[in-house]
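In case you want the letters, here they are:
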Amino acid sequence: DTAVSQTPKYLVTQMGNDKSIKCEQNLGHDTMYWYKQDSKKFLKIMFSYNNKELIINETVPNRFSPKSPDKAHLNLHINSLELGDSAVYFCASSQEVSPNQPQHFGDGTRLSIL
Amino acid sequence: DAKTTQPPSMDCAEGRAANLPCNHSTISGNEYVYWYRQIHSQGPQYIIHGLKNNETNEMASLIITEDRKSSTLILPHATLRDTAVYYCIVQSGGSNYKLTFGKGTLLPVNP
């Protein structure tokens with residue numbers, strides 16, 4: 001059983017389109033995250049939700065809108081895709097918002113903008 | 001958040017122990033030291049974490065110095081599957097416990 005699963009694994013689309021990436025965790029965790037890894041391989045936090053409430057929003061453009069329908073899901077919708085959005089997006093989850101709780105990551109969604 | 005400093009790369013032979021150092025001289029008393037790794041084309045994988053005491057699990061051991069200013073991740077018998085980028089991260093409560101990844105240490109395990 002995959003603990004943190006993301007779909008799709010690969011996403012190739014044109015500039016200006018709108019797309020969504022889905023994330024589900026079956027670990028029973030309360031907190032979920034989205035990270036972006038750019039071409040230089042730096043991993044940066046984008047958003048974090050705890051019990052469906054937004055707790056971290058790291059100066060991400062308004063074109064990115066996370067949605068958490070329940071504790072087990074955190075989806076990422078991106079409007080008007082730009083070339084600079086090409087990256088690998090990782091979803092993660094942790095038991096709760098605590099420094100003593102590790103985060104568990106999915107295998108990423110590779111987004112390519114043409 | 002406290003910053004960490006790691007060597008950009010290290011060498012390791014299969015079957016040998018890999019000792020990966022990390023400097024975190026500005027760490028605060030309530031900040032944990034975390035180690036993650038990223039194998040090519042996969043998501044980051046949690047390895048181990050600690051506050052003050054040394055820790056060991058099925059994957060690795062974490063040695064934290066008494067002054068907490070540095071730590072070492074030990075993979076006791078490295079295998080080819082341990083080839084990855086290893087990240088040492090100090091997690092701060094003041095930032096809602098987000099992980100701030102640096103450049104990490106590239107560890108190729110050679111046959």
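Quick note: structure is the one above.
For clarity, every value in this text was computed on a predicted model and none was experimentally measured.

### Remarks on the interface of chain A and chain B
Interfaces are often sized by the accessible area lost when the parts come together. The interface is formed by 21 residues belonging to chain A together with 20 residues belonging to chain B. Its largest share of buried area at the contact with chain B, chain A owes to L43, P99 and F105 of chain A, together 29% of the area lost on that side. Counting across the chain A and chain B interface gives zero salt bridges. At the junction of chain A and chain B, the tally comes to eight residue pairs in polar contact (both at pLDDT 80 or more). Secondary-structure elements contributing two or more residues to the side of chain A that touches chain B are strand 4 (31-37), strand 5 (43-50) and strand 6 (53-57) of chain A.

### Observations concerning the sheet that holds strand 4 (residues 45-50) of chain B
Residue and element names in this part refer to chain B. Strands sit in the order 4-3-8-9 across an open sheet of four strands; the sheet is antiparallel. The sheet is open, and its two borders are formed by strand 4 and strand 9 (105-107), each paired with just one other strand. Each strand axis lies, on average, 25° off the axis of its neighbour in the sheet, ignoring direction. Bridge count for strand 8 (residues 84-91) against strand 9 is three bridges, and the pairing is antiparallel. Residue pairing across strands places V85 opposite L106, the latter belonging to strand 9.

### So, the layout of surface pockets
In this structure, the largest pocket spans a volume of roughly 430 Å³. Residue lining of the largest pocket: 22 residues in total, with Q37 and K41 of chain A together with Q38, V85 and Y87 of chain B positioned closest to the centre. Contributions of two or more residues to the lining of the largest pocket are made by strand 9 (87-94) of chain A together with strand 8 and strand 9 of chain B. Per-element tally for the lining of the largest pocket: the top contributor is strand 8 of chain B, with three residues. Each residue belonging to the lining of the largest pocket can be placed in one class, and the counts come to nine nonpolar, nine polar and four charged. Taken as a whole, the second largest pocket holds about 340 Å³ of empty space. Per-element tally for the lining of the second largest pocket: the top contributor is strand 5 of chain A, with four residues.

Reading guide: rules and limits
- Residues numbered from 1 in each chain as written.
- Chains lettered and ligands numbered in written order.
- Predicted model: local features only at pLDDT ≥ 70, side-chain atom pairs only at ≥ 80, totals over all residues.
- Heavy atoms only, no water.
- Contact = heavy atoms within 4.5 Å.
- Buried area = accessible area lost by both parts, 1.4 Å probe.
- Salt bridge = Lys/Arg side-chain N within 4 Å of Asp/Glu carboxyl O.
- Polar contact = N/O pair within 3.5 Å; in protein donor to acceptor, adjacent residues only side chain to side chain.
- Helix = DSSP H or I, 4+ residues; strand = E, 2+ residues; numbered from the N terminus.
- Pairing = 2+ DSSP bridges.
- Axes fitted to C-alpha atoms, helices over the stretch in contact; angles between N-to-C directions.
- 1 Å grid on protein atoms, 1.4 Å probe; cavity = no way out; pocket = protein on both sides within 12 Å on 5 of 7 lines; lining within 4 Å.
- Points joined across faces, edges and corners; volume = space filled by probe spheres on them.
- Nonpolar A, V, L, I, M, F, W, Y, C, P; charged D, E, K, R; others polar.

The values are spatial; any link to function lies outside them.
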